[in-house]
Amino acid sequence: MTQAPTPTADTVRRLARSLMKEGKEGESGGVGANGAAAGPEVRPVAGGGTHSTWWVGTRHVLRLATDREATVRRRRELRLRDLVRPHVPVAVPTSVARGEWAPGLTYTLDTKVPGGSAEEHDVSAVGEADLAGLLTGLREVPARQAETLGVPRAAPRSLEALRRMAVTAAELLGAADEFDPVRLHQLTPPGAAQLVAQPGAAVLVHHDLRGEHLVVSADGRVRGVLDWTDAVIGDPAEDIAGLALAVGAPAAVRAATLAGYGPRPCLRGLWLARCDTVIRLAERREGRDDIPLPLLRTQLRRAWEPILLERVTDLREEETDDEEEL
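First things first, this report covers the structure right here in the doc. It should be emphasised that the depicted structure is a prediction, and the values quoted were computed from it without experimental measurement. (Residues numbered from 1 in each chain as written. Predicted model: local features only at pLDDT ≥ 70, side-chain atom pairs only at ≥ 80, totals over all residues. Heavy atoms only, no water.)

Considerations on the layout of surface pockets
Stage number 1. Considered as a void within the structure, the second largest pocket measures approximately 280 Å³ in volume.
Stage number 2. Mapped onto the lining of the second largest pocket, the elements with two or more residues apiece are β12 (232-234) and α9 (263-285).
Stage number 3. Per-element accounting of the lining of the second largest pocket gives the leading share, 3 residues, to α9.
Stage number 4. Of the residues contributing to the lining of the second largest pocket, the split by class is 15 nonpolar, 3 polar and 5 charged. (1 Å grid on protein atoms, 1.4 Å probe; cavity = no way out; pocket = protein on both sides within 12 Å on 5 of 7 lines; lining within 4 Å. Points joined across faces, edges and corners; volume = space filled by probe spheres on them. Helix = DSSP H or I, 4+ residues; strand = E, 2+ residues; numbered from the N terminus. Nonpolar A, V, L, I, M, F, W, Y, C, P; charged D, E, K, R; others polar.)

Here is the structure:
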């Protein structure tokens, strides 16, 4: 099998220069030593995933697929963004140029969504309303149309299986004085059984609502959502879990509640996030991952922030109260 090429700064610079020369939403660059136009400045975006991501000047982002699977996901993402855009109140990146940078490997030149990330700016109360609008809009996207674009269905994860893995991981973290394993006792096997995903609840899920994918302005508004390559038709609690890691458990639950989700999916999302953070931090300490430790510790702290409706026993009490009121 032929080895896929690796994009370099020179590769990106040549491609960007050709796109600017063709007049595709470009930016003028400087002048080279020989007097020729040097093209726009290019620099890598930190934390790239399955594709190489580069800033092009100040107004564009160039994303290059590095294998065939990423190419399929990139093409699907372009179609999905067009489907999602009318339903959500935040910006979804727009492609201004696309093509192949190597045989069978695609690129997309997108306009930059102005703002920082949720790792740089705190989300305000109005920003939580933006997140609620995002979750509401995703639920309104016709799942059948998303599937015709190639968006896959994903079965809900077993919270009980995740809980067992987290218990083992918590013991390792406890020995390293990173986490108190007793905190996981709040989620019991019967509690996990109560928080199974409800049948027929599948919606379009972004599935990667990390802080770096939320564009947040200095005033705390959520202005956009990036990277739709992992989207699935699946469990909405996964996006609630992602928000817990990105903006904290209380803000995530408030946004989900504003979006119309009840206590059960909110608690399910919260515990998915909590178990995930414990497991990922333990894996990182054992050298099985390369995610920066400070980020994992921050995500763990956010996911374990207390909320008003904290335990499954609270959920049962609230349901009883609701029945009495009825």
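Once the structure has been displayed, the description carries forward.
Looking at the sheet that holds strand β10 (residues 214-216)
Stage number 1. Strand order in this open sheet of 3 strands is β8-β10-β11, and the pairing throughout is antiparallel. One side of each edge strand has no neighbouring strand; the edge strands of this open sheet are β8 (116-117) and β11 (222-225). (Pairing = 2+ DSSP bridges.)

Some remarks on the nonpolar core
Stage number 1. Within the largest apolar cluster, 72 residues are counted, with the highest numbers of intra-cluster contacts made by L80, L204, L214, V247 and V278.
Stage number 2. Ranked by residues supplied to this core, first place goes to α9 with 11 residues.
Stage number 3. With residues near it in sequence (within four places) discarded, L80 still touches A146, L149, V151, L204, W228 and A231.
Stage number 4. Within the second largest apolar cluster, 16 residues are counted, among which are W54, A97, W101 and L109. (Core = buried A, V, L, I, M, F, W, Y, C linked by side-chain atoms within 4.5 Å. Buried < 20%, exposed > 50% of the residue type's maximum accessible area, 1.4 Å probe, protein only. Contact = heavy atoms within 4.5 Å.)

Description of the pattern of salt bridges
Stage number 1. For the structure shown, the criterion picks out 24 salt bridges.
Stage number 2. In this structure, the salt-bridge partner of R63 is D227, at a minimum N-O distance of 3.4 Å. Taken together, the positions of R63 in strand β5 (residues 60-65) and D227 in the loop between β11 and β12 put the pair 164 residues apart, joining distant regions of the chain. Across the pair, exposure class does not vary: R63 and D227 are buried alike.
Stage number 3. Between R288 and E286 there is a salt bridge, and its shortest N-O distance comes to 2.6 Å.
Stage number 4. Among the charged side chains, a network of salt bridges with common partners joins R63, R74, E77 and D227. (Salt bridge = Lys/Arg side-chain N within 4 Å of Asp/Glu carboxyl O.)

Considering the side chain of R302
Stage number 1. Mapped onto the elements, R302 comes out in helix α10 (residues 293-303).
Stage number 2. What R302 contacts, discounting residues up to four positions off in sequence, is A118, E119, A244, L245, A246, V247, G248 and A249.

Looking at empty space enclosed by the protein
Stage number 1. Within this structure, the stated rule accounts for 1 cavity of 30 Å³ or more.
Stage number 2. Estimated volume of the largest cavity: approximately 40 Å³.
Stage number 3. The wall of the largest cavity is formed by L135, L138, V203, L204, V205, P236, D239 and Y261.
Stage number 4. Among the elements of the structure, α3 (125-140) and β9 (203-205) are those that each provide at least two residues to the lining of the largest cavity.
Stage number 5. In the lining of the largest cavity, the residues fall into 7 nonpolar, no polar and 1 charged.

Focus: the environment of R144
Stage number 1. For R144, the position within the fold is in helix α4 (residues 143-148).
Stage number 2. For R144 and L204, which are 60 residues apart along the polypeptide, the C-alpha to C-alpha distance reads 9.8 Å.

Things to note about α9
Stage number 1. In a regular helix each residue adds 1.5 Å, so 23 residues correspond to 33 Å; α9 covers 33 Å between its end C-alpha atoms and thus fits that length.
Stage number 2. With 17 of its 23 residues buried, α9 lies for the most part within the structure. (Expected span 1.5 Å × (residues − 1).)

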